Amino acid sequence: MINVALPYQDLTIMDACLEAGVHYMDTANYEPLDTAKFEYKWQWAYQERFEKAGLTALLGSGFDPGATNVFTAYVAKHYFDEIHELDIIDVNGGDHGYPFATNFNPEINIREVTADCRHWENGEFVTTPAMSKKASFTCPEEVGTYNIYRLYHEELESLTKHYPTLKRAQFWMSFGDSYLKHLEVLGNVGMTGIEAIEFNGQEIVPIQLLAHLLPDPSTLGPRTVGRTCIGVVVRGIKDGKEKIVYCYNTCDHQKCYQEVNSQAVSYTTGVPAMIGAKQMLEGNWLKPGVWNIEQFDPDGFMDDMNKYGLPWKVIELDEFSLEQ
C-alpha cells in the first residue's frame, strides 16, 4: 500500500494495512489534524504490531523526508567513519508567476513552515521561533543564490535517533520575500489558523478556506520555470581527519512538466515513492516492523535515483558555514 494521502490519515491507513495483511509505505509522518506537530512516536508505536504480522511499514519515502535520509545514509556509509553535523538544504528556485501560491497542498505547506523550529544541538532538540534563523546559500550548477530559513522537518527526528554521533542537525528551506510577506499578513489576520471558527452559522477552518482560495498546486506545472536543488551537507571524521561532503540533486521544473505534466516538487516526491516501493517489491527493503528509510541499505535506492530521473552528485567541500 502506497500512502500519498494527507498525513492526518497515516494511522488509519496503517490500521487498514494490518487488517488486510499488506505492507505499508508513506512519504510523510503522521500529524494530528488539530495540532501542527511532526512526530514519529505515533507511527513508531506500531513496531510490534507490524513485526508480529510479518509486515513492513516504510516511513518517509518522498524527497524530504526520503531521499534526504538516504543521501545521509549513503555518505555516512561511504565517506565517513562517524558523522557529526548535518544540514539538510531544500531550495526551490522555481517561479510560477503568482504573488502567492504553494507548490504542494497549501494546508500542509503552511502548517509546516509556521510551526516552531526545532534543531538538534548537543544531544537535544532546541526550540526557536519558526524561520527566525536565516542564511544565504549558493547552489551548485548555477541554480542560484537564495535566502534559506531554518525550520523543523520530520527527518531530523529519525536521523538523530539512528545516527547518535550527530552533534548538530538542521533543516533549511528557501523562501522568497513575497512568499514570506504574504504568509505574515495571512497569519496576522488569522487565515492560517487550524482551529474551526463559526461563520454564518457554519464551522470553517481558516486555513482550509485559504487553501481553497489559492491556486491549485496541480495547475502550476505549465507556468513554473527554474530548478530545485535539494541535498545534505555532512561533516564528520574519516581516518581520523575531518571532512565535509555535499550530496544533492537538481531538478528542472519544465523538464518534469514535459515528462509527466507536473512541476518538480511533485516529481521529486513521486519518484522516490516509486523507488521505495520498488525496493520493497524486490525484497531489498522488507523486514517485519516499522522502519525509517535510512535504516535500510541506501545503495540500491541511490542507483535507482540515477536511473529514474533524479541523478545526484557528491562533492567534497573545503569549508562550509551557514552562520550569519
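Residues numbered from 1 in each chain as written. Predicted model: local features only at pLDDT ≥ 70, side-chain atom pairs only at ≥ 80, totals over all residues. Heavy atoms only, no water.

Topic: the overall build of the protein
Regarding its fold elements, the protein presents eleven helices and 15 strands. Rg of the C-alpha trace for the protein: 19 Å, near the compact-globule value of 20 Å for 324 residues, within the 12% margin. Counting only C-alpha atoms and orienting by the principal axes, one finds that the protein spans roughly 65 × 50 × 45 Å. Within the protein, the fraction of its 324 residues that count as buried is 52%. Pairs at least 24 residues apart make up 71% of the contacts formed inside the protein by residues separated by at least 6 positions. When the accessible surface of the protein is split by element, carbon and sulfur atoms take 50% of a total near 14,600 Å². Where the 25 positive side-chain charges of the protein centre and where its 46 negative ones centre are 4 Å apart. (Helix = DSSP H or I, 4+ residues; strand = E, 2+ residues; numbered from the N terminus. Rg over C-alpha atoms; globule rule 2.2 N^0.38 Å. Buried < 20%, exposed > 50% of the residue type's maximum accessible area, 1.4 Å probe, protein only. Contact = heavy atoms within 4.5 Å. Areas by Shrake-Rupley, 256 points an atom, 1.4 Å probe, with all protein chains shown as cover. Lys, Arg positive; Asp, Glu negative; His and termini not counted. Charge placed at Lys NZ, Arg CZ, Asp CG, Glu CD.)

A few points about the side chain of Asp87
By the secondary structure assignment, Asp87 is in strand E4 (residues 82-92). There is no salt bridge for the buried Asp87, and the closest opposite charge comes from Arg168, which lies 4.9 Å off by N-O distance. At a separation of 2.9 Å, a polar atom in the side chain of Asp87 contacts the side chain of Gln170. Once residues within four sequence positions are removed from consideration, Asp87 is found in contact with Gln170, Trp172, Gly231, Val232, Val233, Phe320 and Leu322. (Salt bridge = Lys/Arg side-chain N within 4 Å of Asp/Glu carboxyl O. Polar contact = N/O pair within 3.5 Å; in protein donor to acceptor, adjacent residues only side chain to side chain.)

A few points about the nonpolar core
Within the largest apolar cluster, 62 residues are counted, with the highest numbers of intra-cluster contacts made by Phe175 and Met305. Ignoring any residue separated from it by four or fewer positions in sequence, one finds Met305 in contact with Phe63, Ala67, Phe71, Ile275, Leu310, Pro311 and Trp312. Grouped together as the second largest cluster of nonpolar side chains are 15 residues, Phe137, Val143, Ile148 and Trp172 included. (Core = buried A, V, L, I, M, F, W, Y, C linked by side-chain atoms within 4.5 Å.)

Regarding unusual backbone geometry
The linkage connecting Asp64 with the following residue, Pro65, adopts the cis geometry, with an omega of 5 degrees. Looking at where Pro65 falls in the secondary structure, it is placed in the loop between strand E3 (56-59) and helix H4 (67-79). The phi angle at Asp239 is positive, at roughly 55 degrees, despite the residue not being glycine. Among the secondary structure elements, Asp239 is positioned in the loop between strand E12 (227-238) and strand E13 (241-252).

Considerations on the environment of Ala135
Inspection of the secondary structure puts Ala135 in strand E7 (residues 134-139). Overall, Ala135 belongs to the buried group, its relative accessible area being 0%. Between the C-alpha atoms of Ala135 and His182, which are 47 residues apart in sequence, the distance is 20 Å.

Description of the pattern of salt bridges
For the coordinates displayed, the defined rule picks out 15 salt bridges. For Asp81, the salt bridge identified is with Lys238, shortest N-O distance 3.5 Å. Here Lys238 lies in strand E12 and Asp81 lies in the loop between H4 and E4, a separation of 157 residues in the sequence. A salt bridge links Glu85 to Arg235; the shortest N-O distance between them is 3.4 Å. Here the residue Glu85 occupies a position in strand E4, and Arg235 occupies one in strand E12, the gap between them amounting to 150 residues. With a relative accessible area of 22%, Glu85 lands in the partly exposed category. Using a relative accessible area of 17% as the deciding quantity, one classes Arg235 as buried.

Topic: helix H5 (residues 106-114)
Most of H5 sits out of view: eight of its nine residues are buried. What H5 keeps buried is the set Pro106, Glu107, Ile108, Asn109, Ile110, Arg111, Glu112 and Val113. Elements in contact with the buried residues of H5: strand E8 (144-151), strand E9 (168-174), helix H7 (177-188) and helix H8 (206-213).

Topic: the pairing of E3
Every other side chain in a regular strand lies on the same face of the sheet, so the side chains alternate between the two faces. Residues Thr56 and Leu58 point to one face of E3 and Ala57 and Leu59 to the other, with burial holding for every one of them. As paired elements, strand E2 (residues 24-26) and E3 share two bridges and run parallel to each other. Counted as the bridge partner of Met25 is Leu58 from E3. Note that E3 and strand E14 (residues 289-292) share four bridges and pair parallel. Of the residues in E14, the one forming a bridge with Thr56 is Gly289. (Pairing = 2+ DSSP bridges.)

Spatial relationships are all this shows, so hold off on functional conclusions.
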